Amino acid sequence: MAKNDLIGDSIWEQYSKKVQDLMNNPENMGEITEEETQKKGLKLVVADFGAESCGDAVRLYWAVDEKTDTIKDVKFKSFGCGTAIASSDTMAKLCKNKTVDEAVKITNIDVEFAMRDNPDTPAVPPQKMHCSVMAYDVIKAAAASYKGVDIDSFENEIIVCECARVSLGTIKEVIKINDLNTVEEITSYTKAGAFCKSCIKPGGHEEKKYYLVDILRDTRKEMKIKKMSDLADARILKKSSELSFDDFTVVQKLKAVEDVIDKDIRPMLIMDGGNLEILDIKDSDDGSIDIYIRYLGACSGCASSSTGTLFSIESILQENCSKKIRVLPI
Amino acid sequence: MRVYLDNNATTIIDPKVFAKMKPYFIQEYGNPNSLHDFGTKTHVALKKAMNQLYIGLNADDKDDIVITSCATESNNWILKSIYYDHILNCKKNHIITTKVEHPSVISTCKFLETLGVEVTYLPVNKKGIIETHVLESHITDKTALVSIMWVNNQTGMIFPIKEISQICKKANVLFHSDAVQAVGKIPINLKEIDIDFLSFSAHKFHGPKGVGGLFIKNSQALTPLLHGGEHMGGRRSGTLNVPGIIGMGEALELSIENFNSKNSNIKKLRDTLEDEILKLDDVFVVGDKNERTPNTILVSLKGVEGEAMIWDLNKNGIAASTGSACASEFLESNSVMDAIGAEKNLAHTALRLSLSHFTTKEEIDYTVKKLNSAVKRLRAISSTYSYAPNWHESKL
C-alpha cells in the first residue's frame with residue numbers, strides 16, 4: 001500500500017487499446033458449421049471450456065486440414081466479460097494457420113502479450129489475467145478432441161498458478177533455496193498469486209487443487225524435518241564438531257550430554273562410589289545452556305560435589321559440547 | 001445522452017439542497033462550538049436540519065440522531081460498541097446478522113469474530129429476504145444484538161423490519177438496522193417500529209457525501225467510536241460538518257415530499273423499464289415489484305455477462321451496475337446472488353438499474369433502446385447461444 005493504491009484505478013482504465021477494440025468488435029467471433037467444413041474437405045472440431053455459472057465460458061471452432069494437421073479457420077463464441085471476449089478473439093487469431101501441435105504450445109501468457117499496446121505495459125489489470133487462461137485451456141480441449149487423447153496429456157507438470165503458469169516444483173524450489181517464509185515472498189519471487197489470487201488460499205475466484213498457503217506450510221515442514229534429520233545424520237557420522245551444539249534440539253542436546261557423561265564423567269564418579277543423573281536442560285534467558293543434575297550415591301553430600309567435582313564436570317561438558325553450558329546441581 | 005441509473009450507489013445532490021448548503025461553505029463557515037458570531041450564526045440552520053431529520057424518521061425527542069461521517073461509520077460504531085458495552089466482560093457473546101449485509105457490517109462482524117464474538121450470518125430465501133422464523137430460531141440468551149438491513153442494496157427487496165423488531169423486543173435483544181437503502185426511498189416511522197439503532201447516509205437520497213447518522217432509541221448509552229471534544233453532546237466527536245448536516249436535513253425533507261407527491265413517477269418509470277426488459281427472452285427479475293423499493297431492478301439476462309453489459313451501456317452513456325463477480329476488484333462472487341442461490345447463473349448475468357426522481361421518461365425510453373441492442377450484440381457473441389453440430393457433447 002502506498003500513494004498509488006489509496007485511490008485505485010478503475011479496471012477499465014487498465015485495459016489496453018487493443019483489448020478495448022476487441023471487446024467492441026471481436027474479429028473472429030462466430031461459428032463454423034459442419035456443412036461448411038464438409039464442403040471444403042476439412043474436419044470440424046468443436047471444444048467447450050468453462051460454464052456460465054463460473055462466469056466464463058468459451059466455445060471454439062476449428063476447421064482442420066487432416067492431411068497437414070493445419071488449422072485453416074478459427075471462430076469462437078464466448079460468454080464472459082470484455083477481457084474474456086478479447087482473449088478468446090486473440091487466441092483464435094493466434095491459432096489460425098498453425099498445426100494442431102503448434103497451437104497447443106500457445107499459452108495464456110502469449111495471448112496476453114499479443115493484446116499489449118506496447119511490450120512493457122500489461123494488456124489487462126492483474127485480476128483479469130485469469131480470463132486469458134480459459135483461452136489457453138480451450139485450445140488444449142480442441143487439440144485433445146482432434147487427436148482423441150486426454151486433455152491432461154498436454155500438461156507434464158502440475159501448474160499451481162495458471163495466470164502466471166508457475167508449477168508446483170518451481171514454487172517448492174524457491175521456498176527451499178531462498179528460505180521463504182511468506183506467500184508475499186513467493187509471489188515476488190515467482191509471480192504466482194500476483195494475478196487473480198485464486199491460488200493463494202481457498203475461497204477465491206475458483207477452487208484449486210493446490211494453494212500457496214498449503215504449499216508454503218508443507219514445504220516449511222519438510223525443510224524442518226530435513227534439517228533435523230541432517231543434524232541426526234551428522235551426529236551418527238561423528239561429525240558433531242562441525243555442527244553447533246547450540247542449534248541442537250533439546251533431545252539432541254540431552255543425548256550429546258549423556259554421551260559425554262557416560263564416556264568421560266560417570267566412570268570417574270563410579271570409582272568413588274557415586275553417580276549423577278540429568279534432570280533437565282534449558283536455554284536460559286541470559287544465553288547460557290543450563291543443565292540441572294542430581295548427585296547419587298557417595299557423591300551426594302560429598303564436599304567436593306559443589307566445588308572441584310562440579311568444576312571438572314562443567315569444564316568437560318564445556319569442552320566437548322558448548323562453552324555456554326552451566327551445570328547446576330539440585 | 002447521459003443517463004444515470006446507479007442511484008443505489010450514490011445520487012446527484014438535489015440542486016435545492018446544494019443551494020441551502022452553499023452559504024455554509026463560504027459565508028457562515030465558523031465552528032459551531034465557537035463563542036463568536038461566526039460560530040453561533042450556524043446554530044439556527046443546524047437546529048432546523050436536526051429537526052428535519054427527526055421529522056423525516058419520525059423520531060421522538062427523547063431519541064438521539066447522532067451525525068456521523070457516513071453509514072459505514074454508523075455501522076462500525078454500533079457493532080463495536082455493542083462489543084464494548086454488552087459483550088466484553090458480560091455474559092452475552094453473540095451477534096446475529098445476515099449474509100447479504102453491506103461490507104461495513106460483514107467486515108466489522110468478521111473483525112469481532114477475531115475477538116471471540118460469535119456471529120450468525122442468516123441466509124435469505126429465494127426472494128432474497130430474511131424469513132423471521134429463521135431469525136427466531138437463532139436467538140439465544142447469549143444474543144446481544146440483531147443487525148439486519150432494512151432494504152437490500154442489490155435487489156431493493158424490503159425486509160420485514162416490523163416483524164423483526166417485534167421478535168427482538170419479545171426476546172429482549174437489541175436491534176440495529178442499516179437503513180441506507182430505505183431512508184429517503186420509503187416511509188420510515190421510528191415511533192411505530194421499535195428499533196434501537198438505525199444507520200443512514202445522506203448521499204443515497206440526494207444529499208452530500210461524507211455525512212450520515214446513527215439513530216439511538218431513548219438516547220441509550222453507547223461507548224463512542226470517536227473520542228474527543230464535546231460535539232454531538234459528547235456522543236460523536238469531530239468538528240460538525242455544518243454544510244453536510246444542513247444538506248442532509250434538507251435532502252431528507254425533499255425526498256419525503258417527493259415520495260409522498262402524487263406527481264412522483266419514479267415507480268411508474270421503474271415499472272415501465274422493467275416491463276420492457278421482461279419482453280426479452282430468458283430474463284428474470286428478482287422479487288415482486290411491490291416488495292421492493294420503487295427505484296430498483298435487479299435483472300438476470302441469460303447469456304450476457306454483467307460486466308460486458310455495463311461496458312456496452314457505458315459506451316452509450318448509461319450508468320448501471322452489476323452484481324457480477326468479474327467486475328469487482330477481487331473477483332469475489334456476490335453474496336446476494338450466492339444467497340438467493342436458486343439461479344447460479346444469476347451471479348454473473350445480473351444487471352442492477354436504480355432510478356431516482358430525477359430520472360425522466362426520455363431517459364428510460366433511450367435506455368430501453370440501448371439495452372435491447374446491447375443484449376442482442378452480447379448474445380450474438382455468447383457461447384450460451386451458439387451452434388454445435390449434433391455429435392458435439394456440450395460442456396457449457
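In every chain, residue numbers begin from 1 and rise along the written sequence. Just so you know, chain letters begin at A and ligand numbers begin at 1, following the order they were written in. pLDDT decides what is reported in this predicted model: residues at 70 or higher carry local features, side-chain atom pairs at 80 or more are listed and counted, and totals for whole chains, interfaces and linings draw on all residues regardless. To obtain the side-chain values, all non-hydrogen atoms of the structure were included, while hydrogens and water were left out.

Trainee: Can you help me understand the side chain of B:Ser354 in this one?
Mentor: All names here are of chain B. Structurally, Ser 354 is set in strand β12 (residues 350-354). For every residue, the accessible area obtained with a 1.4 Å probe (protein chains only) is divided by the maximum for its type, and the residue is called buried under 20%, exposed over 50%, and partly exposed between those limits. The class for Ser 354 is buried, based on a relative accessible area of 0%. At 2.9 Å, the side chain of Ser 354 and the backbone nitrogen of Asn 8 are in polar contact. Any pair of residues with heavy atoms lying within 4.5 Å of one another is described as a contacting pair. Sequence-distant contacts of Ser 354, defined by excluding residues within four places in its chain, comprise Tyr 4, Leu 5, Asp 6, Asn 7, Asn 8, Asn 295 and Thr 296. Starting at the N terminus, helices and strands are each numbered in turn, a helix being any DSSP run of H or I of at least four residues and a strand any DSSP run of E of at least two. In protein, a polar contact means a hydrogen-donor-capable atom and an acceptor-capable atom, both N or O and within 3.5 Å, with residues adjacent in sequence counting only if both atoms are side-chain atoms; elsewhere, any N or O pair within 3.5 Å suffices.

Trainee: Would you mind showing me how to read helix α11 (residues 306-315) of chain B here?
Mentor: One turn of the α-helix equals 3.6 residues, which is why residues spaced by three or four share an orientation. All names here are of chain B. With eight of ten residues buried, α11 lies mostly within the body of the structure. The complete set of buried residues in α11 reads Gly 306, Glu 307, Ala 308, Met 309, Ile 310, Trp 311, Asp 312 and Leu 313. Where α11 begins, one side-chain oxygen reaches toward the backbone nitrogen of Glu 307, 2.9 Å away; that side chain belongs to Glu 305.

Trainee: Explain empty space enclosed by the protein to me, please; I cannot follow it from the model alone.
Mentor: Remark: the empty space left among the atoms is shown by a probe the size of a water molecule rolled over them. Grid points spaced at 1 Å over the protein atoms alone were grouped into cavities, where a 1.4 Å probe fits but cannot get out, and pockets, open sets with protein on both sides within 12 Å along at least five of seven lines, with lining residues defined by an atom within 4 Å of a point. Grid points are joined across faces, edges and corners, and a volume is the space filled by probe spheres set on the points. Evaluation of the coordinates by the stated rule reveals two cavities of 30 Å³ or more. What lines the largest cavity is a set of 17 residues, among which B:Gly184, B:Lys185, B:His206, B:Ile266 and B:His357 lie closest to the centre. Considering every element that reaches the lining of the largest cavity, the biggest residue donor is helix α9 (residues 242-260) of chain B, with three residues. Classification convention: Asp, Glu, Lys, Arg as charged; Ala, Val, Leu, Ile, Met, Phe, Trp, Tyr, Cys, Pro as nonpolar; all other residues, Gly among them, as polar. Here the lining of the largest cavity is built from residues that sort into five nonpolar, ten polar and two charged. Considering only enclosed or pocket space, the second largest cavity measures out at about 60 Å³ in volume. Together, A:His130, A:Val133, A:Cys161, A:Glu162, A:Cys163, A:Gly193, A:Phe195, A:Cys196, A:Lys197, A:Ser198, A:Cys199 and A:Lys208 line the second largest cavity. Taken together, the residues of the lining of the second largest cavity break down into six nonpolar, three polar and three charged.

These values are about where atoms sit, not about what they do.
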